[in-house]
Amino acid sequence: MADGLRSEAVDLLSQLIRFNTVNPPGDERAAQEHLAAHMTAAGFECELLGRTHERPNLIARLDGPEPGPVLCLLSHVDTVLATPSEWTHDPWSGEVADGFVWGRGALDMKSQTAAEAAAACSLAREGWRPQRGSLLLVSLVDEETGGADGAQWITATHPDKVRCDYLVNEGGGGFVEYDGRRVYCLGCAEKGVFRFAVETHGVAAHGSMPRLGDNALLKLGPLLQRFAARQPSYRLTAEPQAFLEALGVLGEDGDAAAALARIAAVEPRLVALVEPMLGVSLAPTRAFASEKVNVIPSIARLAVDCRVPAGLGEEAALEAAHEVLGTEGYRIEFGQSVMGNRSPIDSPMADFIRGWIAREDPDAICAPVVLPGFTDSRTFRDAFPECTAYGFFPHSVRTRFEADPLIHGADERIDVRDLEFAAGFFRDLAVGMLGAGRAPA
Ligand SMILES: [Zn+2]
């Protein structure tokens, strides 16, 4: 059985990678039809629903004999672009070599689509059905550019078709090694985005006579230096607190900076992954001033990408900006903003996942994490407040230190053993959450 599951997941992943679904434009229909045919043959009821013909979302369902909890295995099949000249194997070859499946989407996230589908189909073909409730497999389009045609559209237009009580998606499941122990990351929350512009003001004049004006661009200089010097103080929320406690690095005083220093002394590579979870982050990414090279600018603007822990909003972003910049000499204007959100750290599904890890990898621990970015889970949590949504795609071989840098990078690939491990997890999760029923004879 295990061999069958592995080869089904590997074959599916290779096939999905061969459909070029770089978004934009995405053009996911062929990949979705392929997946729908596979699911239908195994006994799932499939629907393709899209805002446009070219970009349908796939909803596959397997119902038990009576109503009950709905478990949704979520993923997206669009990818970011790839530059073939930078790759060892063509990014759309889906080649299996050296124990890896290679290609764009091998981690983000056709691998999870393939593992979820192989798990669900293998169960269905064996005659398994939910004892009660339903198993949903939902494969979305358009995640990489924000989900307007995918998660947002489907939850707004067809909420009843994708409403669920439990959801697993990307955004967790990888592990890190810390102090001789493996720590699996359970993605429980996602940060919000509160981008803003810092604006300075002056007086315009001809560029040939600088003293006649008051150059707004020069006033950005000291502000930029303040950004370079520091980040805002940490604001520890529930998930990173639990993570630091699981690592055993958080003292009684709850001092996140001291905890991070302890981590840095043992495993410096972990700092870059942990620090964004600990509070608001500020990253100036663009500066803009005069339209013309010979005009002293009266306004200069700095764009700042600001990420805020789940549960905190614009006020926290503003407070962080004031802490770093002071309050004088500039104006702040907020632009795009999206609240982060979370699911409970403790739930029946979290219990199942921790129990599963304890069985499969007895010396390991499983700890909650916050995603610095955001995924479709954010949209589903907003649409269905009762839904518990986690990021969990467990790896058993390669650590996050090895896998994370390949996401959106060159030579994206997944170890076949990791793919098999995840497929086994999704099988067990479905049975664990929905019970072991049988198809009517
Ligand atoms: Zn993704």
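Quick caveat: nothing in here was measured; it's all calculated off a predicted structure. (Residues numbered from 1 in each chain as written. Predicted model: local features only at pLDDT ≥ 70, side-chain atom pairs only at ≥ 80, totals over all residues. Heavy atoms only, no water.)

A.B. asks: Please clarify how the overall build of the protein chain should be interpreted in this entry.
C.D. replies: A count of helices and strands for the protein chain gives 14 helices and 21 strands. For 441 residues, the compact-globule estimate of 2.2 N^0.38 gives 22 Å, and the protein chain sits close to it at 24 Å. Dimensions of the protein chain, computed from the C-alpha atoms along their principal axes, are close to 90 × 55 × 45 Å. Carbon together with sulfur atoms contributes 51% to the accessible area of the protein chain, which is approximately 18,200 Å² in total. Charged side chains of the protein chain number 40 positive and 62 negative; the gap between the two group centres comes to 3 Å. (Helix = DSSP H or I, 4+ residues; strand = E, 2+ residues; numbered from the N terminus. Rg over C-alpha atoms; globule rule 2.2 N^0.38 Å. Areas by Shrake-Rupley, 256 points an atom, 1.4 Å probe, with all protein chains shown as cover. Lys, Arg positive; Asp, Glu negative; His and termini not counted. Charge placed at Lys NZ, Arg CZ, Asp CG, Glu CD.)

A.B. asks: Please clarify how the coordination of the zinc ion should be interpreted in this entry.
C.D. replies: Any two of four tetrahedral donors ideally make an angle of 109.5 degrees at the metal, while pairs among six octahedral donors ideally make 90 or 180 degrees. Within the protein, the atoms that donate to the zinc ion are His76 (NE2), Asp108 (OD), Glu170 (OE) and Glu170 (OE), at distances of 1.9 to 2.7 Å. Considering all four donor atoms around the zinc ion, the spread of angles at the metal, 52 to 148 degrees, places the coordination shape in the irregular class. Read N to C, the donor residues that coordinate the zinc ion are spaced as H-x31-D-x61-E. Within this pair, whereas Asp108 is found in the loop between strand E5 (100-102) and helix H3 (110-125), its partner Glu170 is found in the loop between strand E8 (166-169) and strand E9 (175-178), the two being separated by 62 residues in sequence. We note that Asp108, like Glu170, is buried. (Donors = N, O, S within 2.8 Å, 3.2 Å for Na, K, Ca; no water. Tetrahedral: all angles 85-135°; square planar, octahedral: opposite > 155°, others 65-115°. Buried < 20%, exposed > 50% of the residue type's maximum accessible area, 1.4 Å probe, protein only.)

A.B. asks: Is there a simple way to think about the packing of aromatic side chains in this case?
C.D. replies: Two aromatic rings, taken as a pair, are described by how far apart their centres are and by the angle between their planes. This structure, assessed with the given rule, holds nine aromatic pairs. Judged by centre distance (6.2 Å) and plane angle (35 degrees), the rings of Phe393 and Phe426 are tilted. Here Phe393 is found in the loop between strand E19 (388-391) and helix H13 (400-403), whereas its partner Phe426 is found in helix H14 (residues 416-434), with 33 residues between them in sequence. Accessibility classification places Phe393 together with Phe426 in one group, the buried group. Directly above the aromatic system of Phe374 lies the positively charged group of Arg378, at a separation of 5.8 Å from the ring centroid. Against the face of Phe100 rests Arg413, its NZ or CZ located 5.1 Å from the ring centre. (Phe/Tyr/Trp six-rings, centres within 6.5 Å; stacked < 30°, edge-to-face > 60°. Lys NZ or Arg CZ within 6 Å of the ring centre and 35° of its normal.)

A.B. asks: In this structure, what is going on with the sheet that holds strand E4 (residues 96-97)? I would like to understand it.
C.D. replies: What links the strands of a sheet is backbone hydrogen bonding, and the strands pair in either a parallel or an antiparallel sense. Read from one edge to the other, the open sheet built from three strands follows the order E4-E5-E20, with strand pairing classed as antiparallel. With one partner strand each, in any of the chains shown, E4 and strand E20 (413-415) form the two edges of the open sheet. By the bridge criterion, three bridges tie E5 to E20 in an arrangement that is antiparallel. Residue pairing for E20: Trp102 is matched across the bridge by Arg413. Set on the sheet, H14 makes contact with E4, E5 and E20; between it and E20 the angle comes to about 70 degrees. (Pairing = 2+ DSSP bridges. Contact = heavy atoms within 4.5 Å. Axes fitted to C-alpha atoms, helices over the stretch in contact; angles between N-to-C directions.)

A.B. asks: Just to check I follow, could you spell out the nonpolar core for this structure?
C.D. replies: Soluble globular proteins: nonpolar side chains tend toward being buried together. One finds Leu71, Leu135, Met349, Ile353, Phe426 and Leu429 to be the most contacted residues of the largest nonpolar core, which totals 64 residues. No other element matches H14, which puts eleven residues into this core. When sequence neighbours within four positions are dropped, the list of residues in contact with Phe426 reads Leu73, Gln112, Ala115, Glu116, Ala119, Val168, Phe392 and Phe393. Core analysis: the next-biggest nonpolar cluster, separate from the first, contains 25 residues, Cys185, Ala256, Val274 and Ala367 among them. (Core = buried A, V, L, I, M, F, W, Y, C linked by side-chain atoms within 4.5 Å.)

A.B. asks: What is the right way to look at helix H10 (residues 314-325) in this model?
C.D. replies: Turn by turn, an α-helix covers 3.6 residues, leaving residues three or four places apart pointing in a common direction. Taking 1.5 Å as the rise per residue, H10 with twelve residues should run 16 Å; its terminal C-alpha atoms sit 16 Å apart, in good agreement. Burial in H10 covers these residues: Ala316, Ala317, Ala320, Ala321, Val324 and Leu325. Down the axis of H10, the buried side of the element spans an arc of 150 degrees, and every buried residue falls inside it. On its buried side, H10 packs onto strand E11 (192-201), helix H6 (220-229), strand E13 (281-288), strand E15 (299-308) and strand E16 (331-338). (Expected span 1.5 Å × (residues − 1). Arc of directions from axis to C-beta.)

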